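Residues per chain, in single letters:
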Amino acid sequence: MGTVTRGTTNPNRLRRMDRWIAAVHGAELRRAADPVAVDLGYGAAPWTAVELLTRLRTAAPRARVVGVEIEPARVAAAKPYEREGLVFRHGGFEVPVPRRPHLIRAANVLRQYDEADVAAVWERLRARLAPADGHSRGGLLVEGTCDEIGRRHVWVALGAEGPRTVTFATRLGSLDRPSDLAERLPKALIHRNVRGEPVHAFLRDFDRAWASAAPYASYGARQRWIRSVRDLAADWPVTDGPTRWRQGEVTVDWRALAPRN
């Protein structure tokens, strides 16, 4: 179920998303008896699924990864890369795995879809997540977009209940101003970067904070970013802290950036 993507992929493209998942969702994966993660729409080559397994196992050594692709030829090409903990399956948004996964990562998949399609896809994928219980918040869906070599990335994290947060991540040395990340907004937000929409106001305020923090540039782009986020957090519900900011990230409550309709 779904549409074949262009399949463009590169090694290390999703490293920022992977590291964030391992840091933020790693504890949930460790608590699971059999943690399963799905790399949905991994593309013409299996690199992102291979890398996801390696990075998740730094946080959850029992994690397994299933790469899912709607194009059968891509699945056949990936089969030689299967190993303990890593398999490839043909499928799409129905997520054809026997156990409900604790993580679904869908990177650069919805970019080719219409904005009107996003809510239904999110709902279908969230329904496939492992349920919450007394010890866990349940599975996590991470959906977003990045550039071709992973320097700029924006993603939404969703639980079974709906969207939770939006994360902006960048290689700080490549950044002129935070609003450069606008071109990598996920499909749910990219057409909302217009006056009157919350995401536009957020990026405007982020640029202003970045400009005000210009004196910190003499200490490096990282210190300027950290100062900018501290200032931004006075008016926006930033949900993470300096440990993640140092990585060139900032995470904001979804409700503050959600489209007005």
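Above this text is the structure in question.
Residues numbered from 1 in each chain as written. Predicted model: local features only at pLDDT ≥ 70, side-chain atom pairs only at ≥ 80, totals over all residues. Heavy atoms only, no water.

## Considerations on the environment of Leu141
Note that Leu141 resides in strand 5 (residues 140-146). In the structure, Leu141 is positioned 78 residues away from Ala63 in sequence and 16 Å away in space, judged by C-alpha atoms. When residues no more than four places from it in sequence are discounted, the contact partners of Leu141 are Ile104, Trp122, Leu125, Arg126, Leu129, Val156, Ala157 and Leu158. (Helix = DSSP H or I, 4+ residues; strand = E, 2+ residues; numbered from the N terminus. Contact = heavy atoms within 4.5 Å.)

## So, the pattern of salt bridges
Under the defined criterion, the tally for this structure stands at 25 salt bridges. Of the charged contacts in the structure, one is a salt bridge between Arg204 and Asp205, with a shortest N-O distance of 3.0 Å. Exposure remark for Asp205: the relative accessible area of 18% places this residue in the buried category. Taken together, the salt bridges that share partners define one network made up of Asp18, Asp39, Glu51, Arg55 and Arg105. (Salt bridge = Lys/Arg side-chain N within 4 Å of Asp/Glu carboxyl O. Buried < 20%, exposed > 50% of the residue type's maximum accessible area, 1.4 Å probe, protein only.)

## Considerations on the pairing of strand 4 (residues 103-107)
Most of strand 4 sits out of view: 5 of its 5 residues are buried. Where burial is concerned, the two faces of strand 4 agree: the one with Leu103, Arg105 and Ala107 and the one with Ile104 and Ala106 are both buried. When strand 1 (residues 36-40) meets strand 4, the two strands line up parallel, connected through 3 bridges. Paired with Val38 across the strands is Ile104, a residue of strand 4. Pairing between strand 4 and strand 5: 5 bridges, direction parallel. The residue of strand 5 that forms the bridge with Ala106 is Glu143. Running through helix 4 (residues 115-127), the crossover from strand 4 to the neighbouring parallel element strand 5 is right-handed. (Pairing = 2+ DSSP bridges. Right-handed = clockwise from strand over helix to strand, strands pointing away.)

## Section: helix 6 (residues 198-212)
Across its 15 residues, helix 6 extends 21 Å between first and last C-alpha, which sits within 8% of the 21 Å expected from 1.5 Å per residue. Those residues of helix 6 not exposed but buried are Pro198, Val199, Ala201, Phe202, Leu203, Asp205, Phe206, Asp207, Ala209 and Trp210. (Expected span 1.5 Å × (residues − 1).)

## Quick notes on the packing of aromatic side chains
Per the stated rule, a full pass over the model turns up 10 aromatic pairs. On the numbers, 5.3 Å between centres and 85° between planes, the contact of Phe202 with Trp236 is edge-to-face. Taken together, the residues Phe202 in helix 6 and Trp236 in the loop between helix 7 (221-232) and helix 8 (242-245) connect sequence positions 34 residues apart. Both residues of the pair, Phe202 and Trp236, count as buried. (Phe/Tyr/Trp six-rings, centres within 6.5 Å; stacked < 30°, edge-to-face > 60°.)

## Describing the nonpolar core
Core analysis: the biggest nonpolar cluster contains 50 residues, and Trp122, Phe168, Phe202, Trp225 and Val250 have the highest contact counts within it. Of the residues forming this core, the biggest block, 6 residues, is contributed by helix 6. Setting aside residues no more than four positions away along its own chain, Val250 makes contact with Val166, Thr167, Phe168, Phe206, Trp225, Val229, Val238, Asp240 and Trp245. Counting residues in each nonpolar core, the second largest holds 27 residues, with Leu14, Val142, Ala157 and Ala169 among its members. (Core = buried A, V, L, I, M, F, W, Y, C linked by side-chain atoms within 4.5 Å.)

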